[in-house]
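Below are the chains, spelled out letter by letter.
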Amino acid sequence: MKKNKIAVAVALCMAAVLTACGGTAKTETTKAAGAETTKAGAETTKAGAETTKAAESSAAGGKLVMVTNAEFPPYEYHDNNDIVGIDADIAKAIADKMGMELEIQDMAFDSLIPAVQSGKADFTAAGMTVNEDRKKNVDFTDTYAQAAQVIIVKEGSEIKAPADLDGKKIGVQTGTTGDIYAGDIKDANIQRFNKGMEAVMALTQGKVDAVVIDREPAKVFVKENAGLKILDEAFTEEEYAIAVKKGNTELLEKMNAAIKELKDSGELQKIVDKYITAE
Ligand code: ARG
């Protein structure tokens, strides 16, 4: 059942890629890391004193607005008109505990942090990896998942380990940690895509030599595309957390309390098990 759901979502993604997204890859080789640090510093001045919309609405018991990029099964993906997945369920459980309604909006991955910074959204839950650059721009909750960047290649590829990526064409989703870390590969030719699935399609078409992406989505994409495999050696180990506006300690503390309850009660694991079947 859950597998079917993911299969449908992936099939839809693929259809979208095939019909609408031909040739969206850009061929820049610059590092993406800097892009996320743009507003650092400027935003920190008012930290702590801010009464954000989120804090106001949480006091009123209103609505929490979450932004995500629903191209990332099993964490967030489209199921007909709904956005479902581990992050969607966790966010719903947190909102329930806070006595608030949850609204989920879908947008490009590299727009998520700006949306939280500007107060357009209360938080982002998007399989988002905690890293030092992002911490300059948003505050992260306690982590709720272990993750890794892995490498997808075609079966029979000469790329057998991360060290073999030097000088290769590498597909990534724009603004992700895969994008950032690929920038460290010697002479890498990084091809950026709006969706991870588009990078995987480029791999099946021989337009890139490898894709660097998070492990669980990688498993879903590889299952849906014949002739691909994930290398045993991961590229990095990471952790996911929810991000809120810098200085919004009220929301951060409430979310951390809810996350702790979800962990302690086993509810969090139940959500994960609903979407990820043990092999
Ligand atoms: N973990 C990676 C990052 O934080 C990729 C996340 C992509 N998430 C998404 N919903 N598309 O950069």
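Residues numbered from 1 in each chain as written. Predicted model: local features only at pLDDT ≥ 70, side-chain atom pairs only at ≥ 80, totals over all residues. Heavy atoms only, no water.

- Going by what an unreviewed UniProt entry lists, the chain is known as Basic amino acid ABC transporter substrate-binding protein and is assigned to Lacrimispora amygdalina.

**Some words on the pairing of strand β9 (residues 169-173)**
One face of the sheet, then the other: side chains in a regular strand alternate in exactly this way.
Turning to step 1, where the next piece is worked out: Burial runs high along β9: 4 of the 5 residues are buried.
Turning to step 2, where the next piece is worked out: The sheet contact formed by β9 and strand β10 (residues 189-193) spans 5 bridges and is parallel. Following the sheet pairing, G171 is matched in β10 by Q191.
Turning to step 3, where the next piece is worked out: Of the crossover connections in this fold, the one passing from β9 over helix α6 (residues 177-182) to the parallel β10 is right-handed.
Turning to step 4, where the next piece is worked out: Sheet topology places β9 next to strand β11 (residues 210-214); 2 bridges connect them, and they run parallel. In the strand pairing of β11, G171 is matched with V211. (Buried < 20%, exposed > 50% of the residue type's maximum accessible area, 1.4 Å probe, protein only. Helix = DSSP H or I, 4+ residues; strand = E, 2+ residues; numbered from the N terminus. Pairing = 2+ DSSP bridges. Right-handed = clockwise from strand over helix to strand, strands pointing away.)

**So, the site of the ligand**
Turning to step 1, where the next piece is worked out: Close to the ligand lie 15 residues; N69, T129, R134, T177 and D214 are nearest.
Turning to step 2, where the next piece is worked out: One of the backbone N or O atoms of T177 is found 2.7 Å from an oxygen atom in the ligand.
Turning to step 3, where the next piece is worked out: In isolation the ligand offers 350 Å² of accessible surface; the protein chains occlude 100% of this area.
Turning to step 4, where the next piece is worked out: Looking at the shell around the ligand residue by residue, the classes come out as 5 nonpolar, 6 polar and 4 charged. (Near = heavy atom within 4 Å. Polar contact = N/O pair within 3.5 Å; in protein donor to acceptor, adjacent residues only side chain to side chain. Areas by Shrake-Rupley, 256 points an atom, 1.4 Å probe, with all protein chains shown as cover. Nonpolar A, V, L, I, M, F, W, Y, C, P; charged D, E, K, R; others polar.)

**Quick look at the pairing of strand β1 (residues 63-68)**
Turning to step 1, where the next piece is worked out: Within β1, 5 of the 6 residues are buried, leaving the element largely enclosed by the surrounding structure.
Turning to step 2, where the next piece is worked out: In this sheet, strand β5 (residues 101-106) lies alongside β1 in parallel orientation, the contact comprising 6 bridges. Pairing of K63 across the sheet is with E101, part of β5.
Turning to step 3, where the next piece is worked out: Where β1 and strand β6 (residues 123-124) come together, 2 bridges link them in parallel fashion. Note that in β6 the partner of M66 across the bridge is F123.

**Re the pattern of salt bridges**
Where charged atoms of side chains with opposite charge meet at close range, the side chains can pair.
Turning to step 1, where the next piece is worked out: Within this structure, the stated rule accounts for 15 salt bridges.
Turning to step 2, where the next piece is worked out: E267 is paired through a salt bridge with K97; the nearest N and O atoms lie 3.6 Å apart. Of this pair, E267 sits in helix α10 (residues 267-275) while K97 sits in helix α3 (residues 86-97), and the two are 170 residues apart along the sequence.
Turning to step 3, where the next piece is worked out: A relative accessible area of 36% means that K97 is categorised as partly exposed. (Salt bridge = Lys/Arg side-chain N within 4 Å of Asp/Glu carboxyl O.)

**Looking at the sheet that holds β1**
Turning to step 1, where the next piece is worked out: Overall, mixed pairing links the 5 strands, which are arranged β5-β1-β6-β14-β7 in an open sheet. This sheet does not close on itself; its edge strands, each paired only once, are β5 and β7 (138-140).
Turning to step 2, where the next piece is worked out: Sheet topology places β6 next to strand β14 (residues 243-245); 2 bridges connect them, and they run antiparallel. Along β14, the bridge assignment pairs T124 with A243.

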